[in-house]
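As a plain string of letters, each chain reads:
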Amino acid sequence: MGEMIVSLDQDIRLDTTRARLSNLLKRHRELSDRLTRDSDKTILDRLNKEFEAARRSQSQEVFLDGEEWNDGLLATLRERVHMEADRKADNGNAGFALLCHPEERVTYRVGNKVICCLDGSRIGIQYETSTAGETYDVYHCVLESKSFLEKMIVLEHTIPFFLPLRDLESDLLFSNAKKFIDSVGDLLQAYVDRKEQVRVIKELYGNQISEIYHSLPYHMIEFSMDDCDCKFVVSLRYGDLLCELPTKVRILVWPMHHHQSKKQCTSPGSQPIPVRLSFAEDAFRIQSLPEAYAEIMQNMPNEIQQLFQRSPS
């Protein structure tokens, strides 16, 4: 009787903790959405218009590949924004430089990045992330280059606040601007890939998944499901924010009604003992979230039956 009361107390505490966590995550999402709407929306609209104007005024768009994208090109861009700023200051006419030197209005495309000169000694980078070959989200980063004697800085951007842009700026922008620009693009694409995987698995299998939680950068993902008379909890961790596939996977299964009567899964007076699913963990390490889920659910009944048959009594 005492063991049943302890077990009931544990269940109540677990349910209370889950409820509090769910409420906390909901409030966090609402707060982050409000911050994004209020602060970034204005910047996004303004930068979208400014980049569109720069693209319209260009004389040509140059596609770069491999070694064509290098530090020398960045030095050329910095020289151009300084020269244009100086000409405008000397002539007191914001449109004079565009009219007299249209051949210098060049936009460069490097992979998913569009790089152009902006007014005011600024270099703009537009990141066009994609999934399944289609453009997904567009982000902007504006670098200010006051002079060759001063290091460039990130003046403004529309990159999500929870991604470590400032760390990359501190570590790379002054010493290797090209690597900084490329690393920001890789960071955004990896984030979008993880985010899209969660969206797809919700869309395709939302009726099977009972709970799903994730961090804002989607580098920690957890969800649970009930199937094959068992309850599953999947925990995914990504080694860093550049990873598109998890580096740590843990999948636990608890027997439900059908398997609970089997002594292999329980000890006297205790809750069912969870078992790790190694075959499923391997699938999530090498495949996208929806692909791995589809594969393991197809093989799950046989694997579960064999697993509990092999479990020691």
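Here we summarise the structure given alongside this text.

About the cut-offs
- Residues numbered from 1 in each chain as written.
- Predicted model: local features only at pLDDT ≥ 70, side-chain atom pairs only at ≥ 80, totals over all residues.
- Heavy atoms only, no water.
- Helix = DSSP H or I, 4+ residues; strand = E, 2+ residues; numbered from the N terminus.
- Buried < 20%, exposed > 50% of the residue type's maximum accessible area, 1.4 Å probe, protein only.
- Areas by Shrake-Rupley, 256 points an atom, 1.4 Å probe, with all protein chains shown as cover.
- Pairing = 2+ DSSP bridges.
- Phe/Tyr/Trp six-rings, centres within 6.5 Å; stacked < 30°, edge-to-face > 60°.
- Lys NZ or Arg CZ within 6 Å of the ring centre and 35° of its normal.
- Salt bridge = Lys/Arg side-chain N within 4 Å of Asp/Glu carboxyl O.
- Axes fitted to C-alpha atoms, helices over the stretch in contact; angles between N-to-C directions.
- Contact = heavy atoms within 4.5 Å.

### Some thoughts on the overall build of the protein
- Helix and strand content of the protein: 8 helices and 11 strands.
- Within the protein, the proportion of its 313 residues that are buried is 41%.
- Put simply, the protein shows about 17,500 Å² of open surface, and 52% of that area lies on carbon and sulfur atoms.

### Details of unusual backbone geometry
- With phi around 55°, Ala-132 is a residue other than glycine that occupies positive phi space.
- Summarising the element assignment, Ala-132 is placed in the loop between β4 (122–131) and β5 (134–144).
- Looking at Ala-132, the relative accessible area reads 82%, which means it is exposed.
- If you check the backbone angles, Tyr-218 has positive phi at about 60° while not being a glycine.
- Structurally, Tyr-218 is set in the loop between β7 (209–214) and β8 (220–227).

### Quick look at the pairing of strand β9 (residues 230–237)
- Extensive coverage of β9 is indicated by the burial of 6 of its 8 residues.
- Of the pairings in the sheet, the one linking β9 to strand β10 (residues 248–255) comprises 8 bridges and is antiparallel in character. Across the sheet, Cys-230 pairs through a bridge with Pro-255, a residue of β10.

### A short note on the packing of aromatic side chains
- This structure, assessed with the given rule, holds 6 aromatic pairs.
- Ring centres of Phe-162 and Tyr-191 lie 5.6 Å apart, and the angle between their planes is 65°; this geometry places the pair in the edge-to-face category. Within this pair, whereas Phe-162 is found in the loop between β6 (153–157) and α4 (165–173), its partner Tyr-191 is found in helix α5 (residues 177–205), the two being separated by 29 residues in sequence.
- Here Phe-162 falls in the partly exposed class, since its relative accessible area comes to 21%.
- Its relative accessible area of 5% is what places Tyr-191 among the buried residues.
- Each member of the aromatic cluster is reached from another via a ring pair, and the members are Phe-161, Phe-162, Tyr-191 and Tyr-218.
- The ring of Tyr-238 carries Arg-194 above its face, with NZ or CZ at 5.8 Å from the centroid.

### A few points about the pattern of salt bridges
- Under the definition given, this model contains 16 salt bridges.
- A salt bridge links Asp-182 to Lys-113; its shortest N-O distance comes to 3.3 Å. Here Asp-182, found in helix α5, pairs with Lys-113, found in strand β3 (residues 113–118); they are 69 residues apart in sequence, far enough to count as distant. For the pair shown, Asp-182 and Lys-113 are each scored as buried.

### Quick notes on the sheet that holds β5
- Read from one edge of the open sheet, 6 strands run β1-β2-β3-β4-β5-β6, paired in mixed fashion. With partners counted over all chains shown, the strands left at the sheet margins are β1 (60–63) and β6, one partner each. Adjacent strand axes in the sheet meet at a mean angle of 25° when their direction is disregarded.
- The sheet contact formed by β4 and β5 spans 9 bridges and is antiparallel. Counterpart to Gln-126 in the pairing with β5 is His-140.
- Against the sheet, helix α2 (residues 71–91) makes contact with β2 (106–110), β3 and β4, and its axis sits at roughly 30° relative to β3, the strand it touches most.
- Taken strand by strand, α5 contacts β3, β4, β5 and β6, and its axis lies near 30° from that of β4.

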